[in-house]
Amino acid sequence: MKNISEVVLKPIRPERVIQFGEGGFLRGFVDWMLQKLNDQTDFNGSVVVVQPIEQGMCDALEEQNCVYTHIMRGLENGKPKVEKQIVDIISRTVKPYEDYNKYLELAKNPDFRFIFSNTTEAGIAYVPEDKLTDTPPSSYPAKLTALLYERFKAHLDGFLIIPCELIDKNGETLKEIVLKYARDWGLGEEFITWINTENHFFNTLVDRIVTGYPKGEKTDLEYEDAMLDTSELFHLWVIEGDTSFQSELPFHEIGLNVIWTKDELFKYRTRKVRILNGAHTSLVPYAMLKGFDTVKECVDNSALNAYLRACIFDEIIPTLDLLEQELKDYAENVLERFANPFIVHKLSSIALNSVSKFKVRVLPSILEYIKRFDKMPAHLLTAFGALIRFYKTDMANDSADVVEFMKNADTQAILKKTDYWGEDLSFLYDEVSKYDH
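Thresholds, definitions, all that
Residues numbered from 1 in each chain as written. Predicted model: local features only at pLDDT ≥ 70, side-chain atom pairs only at ≥ 80, totals over all residues. Heavy atoms only, no water. Helix = DSSP H or I, 4+ residues; strand = E, 2+ residues; numbered from the N terminus. Buried < 20%, exposed > 50% of the residue type's maximum accessible area, 1.4 Å probe, protein only. Contact = heavy atoms within 4.5 Å. Salt bridge = Lys/Arg side-chain N within 4 Å of Asp/Glu carboxyl O. Pairing = 2+ DSSP bridges. Axes fitted to C-alpha atoms, helices over the stretch in contact; angles between N-to-C directions. Parallel < 35°, antiparallel > 145°, perpendicular 65-115°, else oblique. Phe/Tyr/Trp six-rings, centres within 6.5 Å; stacked < 30°, edge-to-face > 60°. Lys NZ or Arg CZ within 6 Å of the ring centre and 35° of its normal. Expected span 1.5 Å × (residues − 1). Polar contact = N/O pair within 3.5 Å; in protein donor to acceptor, adjacent residues only side chain to side chain.

1. What to know about the overall build of the chain
Stage number 1. Regarding its fold elements, the chain presents 20 helices and twelve strands.
Stage number 2. The principal-axis extents of the C-alpha atoms in the chain amount to approximately 65 × 55 × 40 Å.
Stage number 3. Within the chain, the fraction of its 437 residues that count as buried is 55%.
Stage number 4. Contacts in the chain between residues far apart in sequence, at least 24 positions, make up 74% of those at least 6 positions apart.

2. Let's talk about the pattern of salt bridges
Stage number 1. Counting across every chain of the model gives 27 salt bridges.
Stage number 2. Between Arg13 and Asp88 there is a salt bridge; the shortest N-O distance is 3.1 Å. Linking Arg13 in the loop between helix H1 (4-7) and strand S1 (15-20) with Asp88 in the loop between strand S4 (79-87) and strand S5 (90-94), this pair joins segments that are 75 residues apart in sequence.
Stage number 3. The buried category is assigned to Arg13, whose relative accessible area is 15%.
Stage number 4. Exposure remark for Asp88: the relative accessible area of 10% places this residue in the buried category.

3. With respect to the sheet that holds strand S10 (residues 229-231)
Stage number 1. Spatially, S4-S3-S10 is the arrangement adopted by the three strands of the open sheet, whose pairing is mixed. Two strands in the sheet have a free side with no partner beyond their single neighbour: S4 and S10. For this sheet, the mean angle separating the axes of adjacent strands, direction not counted, is 20°.
Stage number 2. Sheet analysis places strand S3 (residues 68-76) next to S4, joined by nine bridges and oriented antiparallel. Bridging from a neighbouring strand, Thr69 pairs with Ile86 of S4.
Stage number 3. Packed on one face of the sheet, helix H3 (residues 30-40) meets S3 and S4 and runs near 70° to S4.

4. As for the packing of helix H11 (residues 302-316) against helix H16 (residues 378-390)
Stage number 1. Between H11 and H16, whose axes approach to 8 Å, the crossing angle comes to 125°. As far as their axial angle goes, H16 and H11 are oblique. Touching Tyr307, Ala310, Cys311, Glu315 and Ile316 of H11 are Ala378, His379, Leu380, Thr382 and Ala383, all from H16.

5. Points about the packing of aromatic side chains
Stage number 1. Going through the model one piece at a time under the given rule, you end up with 26 aromatic pairs.
Stage number 2. Summarising the aromatic geometry, the rings of Phe20 and Tyr140 are spaced 4.7 Å apart at their centres and angled 55° between planes, so their arrangement reads as tilted. One end of the pair, Phe20, is in strand S1; the other, Tyr140, is in helix H6 (residues 140-153), and 120 residues separate them in sequence. Tyr140 carries the same exposure label as Phe20, and that label is buried.
Stage number 3. Aromatic side chains Phe114 and Phe116 sit 6.4 Å apart centroid to centroid with 15° between the ring planes, which places their arrangement in the stacked category.
Stage number 4. The class of Phe114 is buried, set by a relative accessible area of 0%.
Stage number 5. Residue class for Phe116 comes out buried when judged on its relative accessible area of 0%.
Stage number 6. Pairwise contacts between aromatic rings join Phe25, Phe29, Phe43, Phe114, Phe116, Trp237 and Phe251 into one cluster.
Stage number 7. In this structure, Arg208 is placed above the aromatic ring of Trp32, and the distance from its NZ or CZ to the ring centre is 4.2 Å.

6. Re the sheet that holds strand S9 (residues 203-207)
Stage number 1. The sheet built from three strands is open, its strands ordered S9-S11-S12 with mixed pairing. Pairing within the sheet leaves two strands with one partner each, and these edge strands are S9 and strand S12 (258-261). The average undirected angle you get between the axes of adjacent strands in this sheet is 10°.
Stage number 2. Summarising the sheet, S9 and strand S11 (residues 236-240) pair through five bridges and their orientation is antiparallel. Directly across from Thr204, in S11, lies its bridge partner Ile239.

7. Quick word on unusual backbone geometry
Stage number 1. Of the consecutive residues Thr135 and Pro136, the connecting peptide bond is found in the cis state with omega at 5°.
Stage number 2. Residue Cys66 is not a glycine yet carries a positive backbone phi of 60°.
Stage number 3. Within the fold, Cys66 resides in the loop between helix H4 (58-63) and S3.
Stage number 4. In this structure, Asn77 takes a positive phi of about 55° despite not being glycine.
Stage number 5. One can find Asn77 in the loop between S3 and S4.

8. Some remarks on H16
Stage number 1. A rise of 1.5 Å per residue sets the reference length of H16, with its 13 residues, at 18 Å; its end C-alpha atoms lie 18 Å apart and thus fit the reference within 8%.
Stage number 2. Across the 13 residues of H16, ten count as buried, placing the element largely inside the fold.
Stage number 3. For H16, every residue scored as buried is listed here: Leu380, Leu381, Thr382, Ala383, Phe384, Gly385, Ala386, Leu387, Ile388 and Phe390.

9. Digging into the environment of His437
Stage number 1. The residue His437 is located in the segment after helix H20 (429-432) in this model.
Stage number 2. Judged by its relative accessible area of 70%, His437 is exposed.
Stage number 3. Sequence separation of His437 and Asn397 is 40 residues, and the distance between their C-alpha atoms is 20 Å.

10. What to know about H11
Stage number 1. With 15 residues, H11 should reach 21 Å at 1.5 Å per residue; the first-to-last C-alpha distance of 20 Å fits that figure.
Stage number 2. At its buried positions, H11 is contacted by helix H9 (265-289), helix H10 (295-300), helix H12 (324-338), helix H15 (363-373) and H16.
Stage number 3. Near the N-terminus of H11, the side chain that reaches the backbone nitrogen of Ala303, with its oxygen 3.1 Å away, is that of Asn301.

11. Overview of the environment of Glu15
Stage number 1. By the secondary structure assignment, Glu15 is in strand S1.
Stage number 2. Linking Glu15 and Ile89, residues 74 residues apart in sequence, is a C-alpha distance of 9.4 Å.
Stage number 3. Side-chain polar atoms of Glu15 contact the side chain of Ser91, separated by 2.8 Å.
Stage number 4. Looking at Glu15, its side chain comes within polar contact range of the side chain of Arg92, at 2.8 Å.

Rendered as structure tokens:
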């Protein structure tokens, strides 16, 4: 069987995008979208992938000329659907740990306009030991600062910088760290002014389950593809910042679920955290105590499906401020994603650190519901009781101190644990105690 590089003739396009990260998420989300821009608009650009850590998959990409297949699988209106896309947008890869000068040379190409990244949640971090003279510095923000400084010295325009790391205010945080390095390294006020005026950092929210290479599964590809990537059908990208730049990345014009907003990303983040993540966290301890193993098993069970829908539609959605129909449509989409027959989503993997997740994902809905309606949300408090019971078992997966406390403390002491919840929740005792045994 031929390799994909032998059956796909990759066109040559101007290099317009620098991408930090070669993992499955970026290839199944950003690169897939950019491919659609190339196919359906006059975007006419290619991506240079930078391997942000010493060990990565760039060699494997290069072995097949940076071409790969992306397969999307899921339910659409209740019916299974599979889509395939050849992605040929990556022109080449650069590995700073092997050839740092080659990396810095990217700054001198005036065609580059966009920088995307996904270096994990820990990637956007300040490492005080990083220096400009390092080849390369260890952190992504330090590497980016060095690249921007080369760009500045070349008297070229700045970039649109769009990080995809899953942290709040990712663009603002990245910019703050870059500016700190610029000051630490003594690169001058003129460079700092150039960063602030000629470069634009965007906050983002990304939402798509990318499942990567389908190990052990049969595909009907007629060629070998070691970088085959898979994902669900659903995708959402909210980009916050100067919306005048959306014309340069016209994703919305070709039907992609990309929302540009000046300052309302928090609404979409809250929607995702409360509905999608909140549904997971409300479900997992409750379902695992009943012996269920996967998310799909839960939505396929009538009783658990009814419980989940009550949590979402009766008690979470009424606490949110987006349009009701928009919230309901999003929630129905979430439940369809949960039912995806192509994804085996283990409850045990979602259960990690459930206490801290409950505080962020579910507790705000409980408190807001009580504030708005002056009554208790029975299903979400059932989830709270189940969380407490869950930690009395050996199934909980959390830090040792959290597991020990939750396992041995009574409900009253747990509700009083202000460093877990941010406040004393003793007023919930009568309701939670109905469900904690």
